[in-house]
Amino acid sequence: MADQTHVLFVEDDDVIREATQLALERDGFAVTAMPDGLSGLQAFRTDRPDIALLDVMVPGLDGVSLCRRIRDESTVPVIMLSARADSIDVVLGLEAGADDYVTKPFDGAVLVARIRAVLRRFGHASGPDRVDEAESSATGGMLAFGDLEVDTEGMEVRRGGQPVALTPTEMRLLLEFSSAPGTVLSRDKLLERVWDYGWGGDTRVVDVHVQRLRQKIGQDRIETVRGFGYKLKA
C-alpha cells in the first residue's frame, strides 16, 4: 500500500461501494471503503489516505459534514459524490471544502480520470501522474498586490503580514491569478489550468472556489468581469 495511492471511499450503497472499490483497485489504487460517515472519519484519522471520495447521503455523519471535519484537520483532496446534480448539493459540498464533485451514476473511467486530475494538482500521484513543481504556471519569486504577498516558491501567502491558510486548490487558483494580474481569466480557462479538465466542466466549481479564496485574501482582491470571468486586481 505504501507505493500505491490510497483512496478513502465512503458510500452506503453496498453494490456501488463494492463495485467501485474493485474498479479502483484494478486501476492500481489502494482502497479503504466505509459504509457511513463516522466509520469514514475514523478511517481517515487512522489511515491518512491520499484522497477521499465521499458520498453526500451517507448515514451517521453525512458527506458534507464529514468533508468539513476532514478539512478542519487536513488539506487532503476531497471529491464529493452525489446522486443529484442539484445546485444546493454541489455548492454545499464545495463550500465545505471539497475540491471537485462527480454525479452518480458515474462511469468508472471518468471517476478515475477525475481522481488522477485532482492528484496531479496536489502532487500526490506516483509515476507519470506526479506533478513536477516546474510545471507551476507561476514563476518563482515573491509577488505583492497591495497588502497581499504571494511566495510562489515557498507556496505561502500573507495578508497584512499575517499568514493565510489556503488549500492546494485555492493556492493553484491564486497562482493562476497572480501570474497574470489584471488579465481576465475565463471560467473555462481556470477549469483547464487549475482543475485539469480536458473536457467541459461545471463552472460552479470555479465560482465557489473564487468565493472561498476571496474570503481569505479580501473580497475586493478578485474582480468579477460579468460575462467573461475573473481577474486579480494589480
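Residues numbered from 1 in each chain as written. Predicted model: local features only at pLDDT ≥ 70, side-chain atom pairs only at ≥ 80, totals over all residues. Heavy atoms only, no water.

Student: What is the right way to look at the overall build of the protein in this model?
Tutor: Tallying secondary structure elements over the protein gives 8 helices and 11 strands in all. Per-residue burial over the protein gives 46% buried out of 234 residues. The long-range share in the protein, meaning contacts at least 24 apart out of those at least 6 apart in sequence, stands at 59%. Of the accessible surface of the protein, which amounts to about 10,900 Å², a share of 48% is contributed by carbon and sulfur atoms. (Helix = DSSP H or I, 4+ residues; strand = E, 2+ residues; numbered from the N terminus. Buried < 20%, exposed > 50% of the residue type's maximum accessible area, 1.4 Å probe, protein only. Contact = heavy atoms within 4.5 Å. Areas by Shrake-Rupley, 256 points an atom, 1.4 Å probe, with all protein chains shown as cover.)

Student: Looking at this structure, how should I read the packing of helix 2 (residues 37–47) against helix 3 (residues 63–73)?
Tutor: Any two packed helices are characterised by the angle at which their axes cross and by the distance between the axes. Two elements in contact, helix 2 and helix 3, have axes separated by 10 Å at closest approach and are oriented at 20 degrees. As the angle between them shows, helix 2 and helix 3 are arranged roughly parallel. In terms of crossing hand, the pair formed by helix 2 and helix 3 is right-handed. When helix 2 is examined against helix 3, the residues Gly-37, Leu-41, Phe-44 and Arg-45 are found in contact with a partner set consisting of Leu-66, Arg-69, Ile-70 and Glu-73. When grouped by side-chain class, the residues that make up the contact of helix 2 with helix 3 number 4 nonpolar, 1 polar and 3 charged. (Axes fitted to C-alpha atoms, helices over the stretch in contact; angles between N-to-C directions. Parallel < 35°, antiparallel > 145°, perpendicular 65-115°, else oblique. Left-handed = near helix turned anticlockwise from the far one by under 90°. Nonpolar A, V, L, I, M, F, W, Y, C, P; charged D, E, K, R; others polar.)

Student: Sorry, what's going on with the confidence of the model for the protein here?
Tutor: In this model, the protein carries a mean pLDDT of 86, and residues with pLDDT of at least 70 account for 88%. Counting contacts from residues 125–139, a segment whose pLDDT is below 50, to residues more than four positions away or on other chains yields 18 contacts. (pLDDT = per-residue confidence, 0-100.)

Student: How should unusual backbone geometry be read in this particular structure?
Tutor: Leave glycine aside and you will find that most residues have negative phi; peptide bonds, for their part, are mostly trans. Note that the residue after Lys-104, namely Pro-105, is joined by a cis bond; omega there is 0 degrees. Positive phi outside glycine occurs at Arg-48, with the angle close to 50 degrees. Here Arg-48 is to be found in the loop between helix 2 and strand 3 (51–55). Judged by relative accessible area, which is 45%, Arg-48 ranks as partly exposed. In this model, Met-155 sits at a positive phi of 55 degrees, which is unusual for a non-glycine residue. On the secondary structure map, Met-155 appears in the loop between strand 7 (148–151) and strand 8 (156–159).

Student: Looking at this structure, I do not really get the sheet that holds strand 1 (residues 6–10). What am I missing?
Tutor: Either a parallel or an antiparallel arrangement is found when strands of a sheet pair, and the pairing is made through backbone hydrogen bonds. Pairing is parallel in the open sheet, where 5 strands are placed in the order 2-1-3-4-5. One side of each edge strand has no neighbouring strand; the edge strands of this open sheet are strand 2 (30–34) and strand 5 (100–103). Across the sheet, the mean angle from the axis of one strand to that of its neighbour is 20 degrees, orientation sign disregarded. Summarising the sheet, strand 3 and strand 4 (residues 78–82) pair through 4 bridges and their orientation is parallel. Bridge pairing links Ala-52 to Val-78 in strand 4. (Pairing = 2+ DSSP bridges.)

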